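Close look at the chain arrangement
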Amino acid sequence: MDRVALVTGAARGIGQVIATALAEPGMTVYINDVAHWDEAAETQKGVEAKGGAARLIEFDVTDAAAAEQAVERIVKESGRLDILVNNAGITRDNLIMRMKEEDWDLVLAVNLKGAYHCIKAASRPMIKQRWGRIINISSVVGVMGNAGQANYSASKAGLIGLTKTVARELASRHITVNAVAPGFIISEMTGSLPEKVKEQMLAQIPLNRFGTAEEVAFAVAFLASEQAAYITGQVIHVNGGMLMA
Ligand code: NAD
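This text gives an overview of the structure that appears in the document. (Residues numbered from 1 in each chain as written. Predicted model: local features only at pLDDT ≥ 70, side-chain atom pairs only at ≥ 80, totals over all residues. Heavy atoms only, no water.)

Topic: empty space enclosed by the protein
Tallying each qualifying case throughout the model produces 1 cavity of 30 Å³ or more. Considering the residues around the largest cavity, the lining is formed by T8, V61, N86, A88, V110, N111, G114, A115, C118 and L159. Here the element with the most residues in the lining of the largest cavity is helix 4 (residues 101–129); it accounts for 5 residues. For the lining of the largest cavity, the per-class residue count stands at 6 nonpolar, 4 polar and no charged. (1 Å grid on protein atoms, 1.4 Å probe; cavity = no way out; pocket = protein on both sides within 12 Å on 5 of 7 lines; lining within 4 Å. Points joined across faces, edges and corners; volume = space filled by probe spheres on them. Helix = DSSP H or I, 4+ residues; strand = E, 2+ residues; numbered from the N terminus. Nonpolar A, V, L, I, M, F, W, Y, C, P; charged D, E, K, R; others polar.)

Structure follows, in structure tokens:
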């Protein structure tokens, strides 16, 4: 059966690899972002190389009306929306005493409210179809906390509560809702950290290495599959054993 997926923040990084991992013949992947269009062209190529169809769809997940219009466009063009991956995310780190209100608001707006906007819009076609997969990209720090990331860890913890509640609301329509919580993953976000910080981070990881975007994407693709139909409201941790929840 042909399927249609939307991955937010998929121009680069983990989202790019998730979009590619979902791709297969019969799958149309909508690649959302607000920036990094050169890299989005690479995402598009990656999807097509695996036999999927790729479409770019620009909208800011913080904008409720834009998210709704995007879903309307997808359904008009492709007839359905089966898989939503809420991957768009940002950091604005600082210790709580120095954290500016605008940085708190922006991180919550993108990471948590953005997912709410997209889920709300996507749930309509999914309910009609009586089939859907929603996967929210949380983080290990949403469960453990992390000094300097009050806004980010609150947003990622919030995503877990959102996941569990929407999972209960949509279960009767055969829509599963799960979260994937990556640990430290090799990416733009972690690439810019000082060596000393990286060493300290590695010391906390039993598998003694950072994870790859592919390892996160594999968990997402599994949750999006037909075979994962009996898994809902769960958090899959992909963290090298750093947290055993
Ligand atoms: P990244 O910065 O490489 O990619 C995030 C993408 O989201 C960017 O292309 C960005 O333009 C896009 N984006 C930002 N704001 C947006 C908005 N308002 N609307 C639409 N798109 C927007 O980051 P990444 O490391 O690939 O992270 C992807 C996800 O994984 C994030 O949710 C992040 O919190 C989560 N995560 C990352 C790590 C890690 O170690 N890198 C660990 C745990 C969780």
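We are not done yet, so read on.
So, the layout of surface pockets
In this structure, the second largest pocket occupies an estimated 240 Å³ of space. Around the second largest pocket sit 15 residues that line it, and L22, E24, M27, A224 and S225 are the ones nearest its centre. Considered class by class, the residues forming the lining of the second largest pocket number 9 nonpolar, 2 polar and 4 charged.

Regarding the pattern of salt bridges
Scanning the model with the defined rule gives 8 salt bridges in all. In this structure, R3 and E226 form a salt bridge, with 2.7 Å as the shortest nitrogen-oxygen distance. Residue R3 is found in strand 1 (residues 3–7), and its partner E226 is found in the loop between helix 9 (213–224) and strand 7 (235–238); the two are separated by 223 residues along the sequence. Residue E226 is classed as partly exposed on the basis of its relative accessible area of 46%. When the shortest N-O distance is used, the salt bridge between K198 and E195 registers 3.7 Å. One end of the pair, K198, and the other, E195, are both in helix 8 (residues 195–202), 3 residues apart, so they sit about a helical turn from each other. A cluster of three or more residues bridged by salt bridges with shared partners is formed by R3, R80, D82 and E226. (Salt bridge = Lys/Arg side-chain N within 4 Å of Asp/Glu carboxyl O. Buried < 20%, exposed > 50% of the residue type's maximum accessible area, 1.4 Å probe, protein only.)

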